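Descriptive structure summary
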Amino acid sequence: MAAPAIGTRIVRGACPQDCPDTCAFLYHVQDSKLVAVTGDPDHPMTRGGLCVKLNNYAEHHYNPDRLMHPLRRVGPKASGRYEKITYDEALAEIKRRWTGIIDQYGPQAIMNHCYLGNQGTLNGLTSGDAFFNRLGATIGEKCYCESGSSTAWIMTVGPTGGLDVESLTHSKYIIVWGMNMISTNLHGWPFILEAKEKGAKVVVIDPIRTRTAKAADWHIAIRPGTDGALALGMMNVIIADGLVDHDYVAKYTLGYEELKARAAEFPPERVAGITGIPADDIRKLAREYATTQPSAIREGVAIERSPGGGDAVRLVSSLPALVGAWRHVGGGAIEMPIWEFPFNFDFMQRPDWIRPGTRVVNELDMGRALSGEMGLDPPLMSVFIHNSNPVSQQQNANTLIRGLQREDLFTVVSELFMTDTARYADIILPASLQAEQYDLQVTWGHLYVMLNQPAITPPGECVPNVEMFRRLAKTMGFDDDYWSMSDDELLTRMYDWSAPAMQGITLELLKEKGWMRLNVGLPHERAPHAQGNFKTPSGKCEFKASAAANGNFVVPVWRNGYTEMQSGEPVDPVPNYIPPVEVGANGDLARYPISLLSPKPHAFLNSQYANEPKQRRRQGEQRVVVHPTDAAARGIRDGDYVRVFNDRGAFEGLAELSDDVMEGMAMTNLGHWPSLTRSGSAVNSTTSSRHCNLGGAGTQSDNRVEIARL
Ligand SMILES: Nc1nc2c(c(=O)[nH]1)N[C@H]1C(S)=C(S)[C@@H](COP(=O)(O)OP(=O)(O)OC[C@H]3O[C@@H](n4cnc5c(=O)[nH]c(N)nc54)[C@H](O)[C@@H]3O)O[C@H]1N2
Ligand SMILES: Nc1nc2c(c(=O)[nH]1)N[C@H]1C(S)=C(S)[C@@H](COP(=O)(O)OP(=O)(O)OC[C@H]3O[C@@H](n4cnc5c(=O)[nH]c(N)nc54)[C@H](O)[C@@H]3O)O[C@H]1N2
Ligand SMILES: [Mo]
């Protein structure tokens, strides 16, 4: 890095985004102005470079469209007509409306909807939980992402960080499974490249020939939602060919005989019919994976986005134990290492404030709840949305829009920008951006504790989420100590600083250094399950899960800390292949022959930066990638505008013909703001409300549509 200009002050920070990289920032400040944000060259993951989304992050703070003051709606919903009010007026209005709703319907008529616009401990996923639990509101389960994978991972290996991404340099065989790392985990990719340079083979399992697939040694194109069958087919071959590590299995696993019986039902020929992968490729993959040690699996979130996604993650996460990959440094699997951080969720989320019997609504069902489809009693009369842009990101968005249009619904949105969701708000509260706030960033892709220190003051009346909830609590008359604690007092209690992983790490040291590695073994020596030590009830890798006795549960973190297990549908103790509903044989193939995927955009972070000119140029307009054969059958040429539709909704985009997608399949990127597209709609107008079989997650990959030339 070049030396900073004279008069420049450097402040250490951390990227706020919902991304496995959580980069270490250097804020460059001149005369109280943020002039640049660069990546810390000393951080082992960031290595000095930021991604296309964040490399003009300083300018993002000065985007003229930022919301600076609270606003009150003065026209019809979504008309965009607002008047500027003071923060105190906004708080008074919220109190007046909520008090009325509570008097008439009780506090459960209010629901919080928060996701990961910001990933801080103070300002992130759990930032509203304590407040809304204290209020007695309906509990919102936060199931946009990873809730299915994490439930599955915890059922199989327990809450363990598993393989460290930095240890991948020691791997000899790496499967990137349902992840487009070069777009979504860019700073993890160099470790794979280093392994590749040392001779490792890199395999990508993805329906699409992505940038990552193109950079790999072998791309295996799989039909969406069939990963469970592929894992069972691999197990079938591994067992039939005598490639099981029987010593490891005997000592450190549970339920091998049951798993073996299940795998016997999935010979490669059958799996080929389900997945579309040639049987010989399944055999080759299984043999190479089992015999090339250390072998590693980098699991992407996409595996969960299908009706059987939860069991698919259980099966994929069972593979390393079967072949003894965990024995080695660089062997095993990565879901997310977040489980190594000693959070004190009881303090963060205050589940002790939840009143017995409080109802739970999955945030992904907020549209159905608001539009009356769920028949809730009392109905939802108010929603508070922060850190999230559900009109763009929630599946089956048209149902949500119908709900948000209700004149009797009181909607508060805390935002940085006038997003498509904020347009439905009655009151908008302006939020501060990362260089303006203090936080300890939560990370889910590496093992460093990251402190973000404020470099500049927030503009106008913008405040961090943590301060917004302090003000709301005082307005609502809550007098608990919690609401008077400083940021540092809160952080001191939100982590167990005396846990072994935190030895030697303090807030004081973090203020000086910016980031520190957890004490969980160094990348070149870490093999956390070489001798079992799984964090399951049995201490073993559970091919047959003890936790299945709890039914279909949601990990408490995603549930405002609420731990009462929801037994709902039973869960098979031994994972199985559960076929997709729409993409599979039962889908409406005649009317909707195309299966549509909506992976992450390269230049946006979910819907963030989709309003930034530079990132918009880089991402281009909303496109629909169609296979040439399907295009020819519909008279679609490259560069035509097309309409993509099903019974749930429609959107338009620019057709791009490519065999990067399989025949019968199409792809469009998530993240475009509906209001910034030509049709005023985006991919989630077509996705369904269905859930994955575990953890309440979504099924965005199980979506059938038709495409027509405009
Ligand atoms: N640039 C960028 N980076 C991001 C984000 C972003 O929006 N933009 N978002 C962040 C977030 S919130 C997350 S969760 C991560 C997610 O990062 P990834 O895990 O990479 O997630 P996706 O883009 O959803 O999907 C990855 C790949 O899975 C494939 N896929 C879809 N369905 C299936 C399936 O059924 N089976 C298999 N095997 N593959 C399938 C898709 O084609 C896609 O290429 O990325 C984070 N990083
Ligand atoms: N079809 C389809 N849909 C998907 C997915 C898919 O693969 N396909 N992926 C899903 C996944 S993995 C995820 S994680 C979700 C993401 O869903 P969201 O978390 O809702 O996604 P974002 O677009 O990042 O929206 C976050 C919003 O928070 C705001 N924000 C940022 N920082 C702050 C802050 O400090 N305070 C406040 N008050 N607001 C802030 C941003 O401006 C932004 O509008 O989307 C899901 N939706
Ligand atoms: Mo996500």
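Time to look at the overall build of the protein chain. Along the protein chain, the regular secondary structure elements total 22 helices and 27 strands. Considered along the principal axes of its C-alpha atoms, the protein chain spans approximately 70 × 60 × 55 Å. Considering only contacts within the protein chain whose residues lie at least 6 apart along the sequence, 76% involve residues at least 24 apart. The average position of the 69 basic charges and that of the 81 acidic charges among the side chains of the protein chain differ by 2 Å.

With that out of the way, let us pick up the site of ligand 1. Looking at ligand 1, there are 33 residues lining it, with Thr184, Asp206, Asp227, Phe604 and Asn606 nearest. One of the side-chain nitrogen or oxygen atoms of Thr184 is found 2.8 Å away from an oxygen atom of ligand 1. Within the backbone of Gly225, one N or O atom sits 2.8 Å away from an oxygen atom of ligand 1. Looking at the shell around ligand 1 residue by residue, the classes come out as 17 nonpolar, 10 polar and six charged.

A word on the site of ligand 2. If you check the shell around ligand 2, you find 31 residues, and the closest are Ser388, Ser414, Glu415, Ser607 and Asn684. In this structure, a nitrogen atom belonging to ligand 2 sits 2.9 Å away from a side-chain N or O atom of Lys600. In the model, a nitrogen atom of ligand 2 is placed 2.8 Å from a nitrogen or oxygen of the Asn684 side chain. For ligand 2, whose accessible area on its own is 920 Å², the fraction buried by protein is 98%. By residue class, the composition of the shell around ligand 2 is eight nonpolar, 19 polar and four charged. Each of domain 2 (71-144 + 353-437 + 462-485) and domain 4 (594-709) accounts for three or more of the residues forming the shell around ligand 2.

This paragraph deals with the pairing of strand 9 (residues 201-205). Of all five residues making up strand 9, four are buried, and the element is well covered by its neighbours. Where strand 8 (residues 173-177) meets strand 9, five bridges bridge the pair, whose relative direction is parallel. Across the sheet, residue Tyr173 finds its bridge partner in strand 9, namely Lys201. Note that strand 9 and strand 10 (residues 218-220) share three bridges and pair parallel. Looking at the pairing, Val203 lines up with Trp218 of strand 10.

Evaluation of the coordinates by the stated rule reveals four cavities of 30 Å³ or more. If you add up the space inside the largest cavity, you get close to 250 Å³. Here the residues of the lining of the largest cavity sort into 14 nonpolar, five polar and two charged. Shared between two domains, the lining of the largest cavity holds at least three residues of each, these being domain 1 (1-62 + 438-461 + 496-526) and domain 2 (71-144 + 353-437 + 462-485). Considered as a void within the structure, the second largest cavity measures approximately 150 Å³ in volume. Lining the second largest cavity are 13 residues, with Leu122, Ser127, Val466, Tyr482 and Met494 positioned closest to its centre. Secondary-structure elements contributing two or more residues to the lining of the second largest cavity are helix 18 (465-475) and helix 19 (487-494). For the lining of the second largest cavity, the leading source of residues is helix 18, giving three residues. Classifying every residue of the lining of the second largest cavity gives nine nonpolar, three polar and one charged.

Of all 10 residues that make up helix 4 (residues 147-156), 10 are buried, and the element is covered over most of its length. Listing the buried residues of helix 4 in full gives Ser147, Gly148, Ser149, Ser150, Thr151, Ala152, Trp153, Ile154, Met155 and Thr156. Residues of helix 4 that are buried make contact with strand 12 (295-299), helix 13 (309-323), strand 13 (332-334) and strand 21 (541-542). Directly beyond the C-terminal end of helix 4, a positive phi value near 85° is found at Gly158.

Once the domains are mapped, the protein chain shows domain 1 (1-62 + 438-461 + 496-526), domain 2 (71-144 + 353-437 + 462-485), domain 3 (163-334) and domain 4 (594-709). In this structure, domain 1 and domain 2 have C-alpha centres spaced 29 Å apart. In this assembly, 29 residues from domain 1 lie in contact with 22 residues from domain 2. Both sides together, the interface formed by domain 1 and domain 2 hides about 1,900 Å², and carbon and sulfur atoms give 48% of it. In this assembly, domain 1 and domain 2 are joined by zero salt bridges. Counting across the domain 1 and domain 2 interface gives 19 residue pairs in polar contact (both at pLDDT 80 or more).

A few words on unusual backbone geometry. Residues Gln293 and Pro294 are joined by a peptide bond in cis, for which omega reads -5°. Mapped onto the secondary structure, Pro294 falls in the loop between helix 12 (279-291) and strand 12. For the bond from Asp377 to Pro378, the omega torsion is 0°, close enough to zero to count as cis. Along the chain, the position of Pro378 falls in the loop between helix 15 (366-370) and strand 15 (382-386).

Applying the stated criterion to the full structure yields 28 aromatic pairs. When the centroid spacing of 5.6 Å and the interplanar angle of 50° are considered together, the rings of Phe384 and Phe469 count as tilted. Here Phe469 lies in helix 18 and Phe384 lies in strand 15, a separation of 85 residues in the sequence. For the pair formed by Phe384 and Phe469, the shared burial category is buried.

Pairing between the strands of a sheet is mediated by backbone hydrogen bonds and can be parallel or antiparallel. Strand order in the open sheet made by the three strands is 18-19-20, with antiparallel pairing throughout. Lying at the two open borders of the sheet, with one neighbouring strand each, are strand 18 (439-441) and strand 20 (515-517). Each neighbouring strand pair of the sheet contributes to a mean axis angle of 20°, computed without reference to strand direction. Where strand 19 (residues 448-452) and strand 20 come together, three bridges link them in antiparallel fashion. Bridge pairing in strand 20 links Met450 to Trp515.

Conventions used here
Residues numbered from 1 in each chain as written. Chains lettered and ligands numbered in written order. Predicted model: local features only at pLDDT ≥ 70, side-chain atom pairs only at ≥ 80, totals over all residues. Heavy atoms only, no water. Helix = DSSP H or I, 4+ residues; strand = E, 2+ residues; numbered from the N terminus. Contact = heavy atoms within 4.5 Å. Lys, Arg positive; Asp, Glu negative; His and termini not counted. Charge placed at Lys NZ, Arg CZ, Asp CG, Glu CD. Near = heavy atom within 4 Å. Polar contact = N/O pair within 3.5 Å; in protein donor to acceptor, adjacent residues only side chain to side chain. Nonpolar A, V, L, I, M, F, W, Y, C, P; charged D, E, K, R; others polar. Areas by Shrake-Rupley, 256 points an atom, 1.4 Å probe, with all protein chains shown as cover. Domains from an automatic or database assignment. Buried < 20%, exposed > 50% of the residue type's maximum accessible area, 1.4 Å probe, protein only. Pairing = 2+ DSSP bridges. 1 Å grid on protein atoms, 1.4 Å probe; cavity = no way out; pocket = protein on both sides within 12 Å on 5 of 7 lines; lining within 4 Å. Points joined across faces, edges and corners; volume = space filled by probe spheres on them. Buried area = accessible area lost by both parts, 1.4 Å probe. Salt bridge = Lys/Arg side-chain N within 4 Å of Asp/Glu carboxyl O. Phe/Tyr/Trp six-rings, centres within 6.5 Å; stacked < 30°, edge-to-face > 60°. Axes fitted to C-alpha atoms, helices over the stretch in contact; angles between N-to-C directions.

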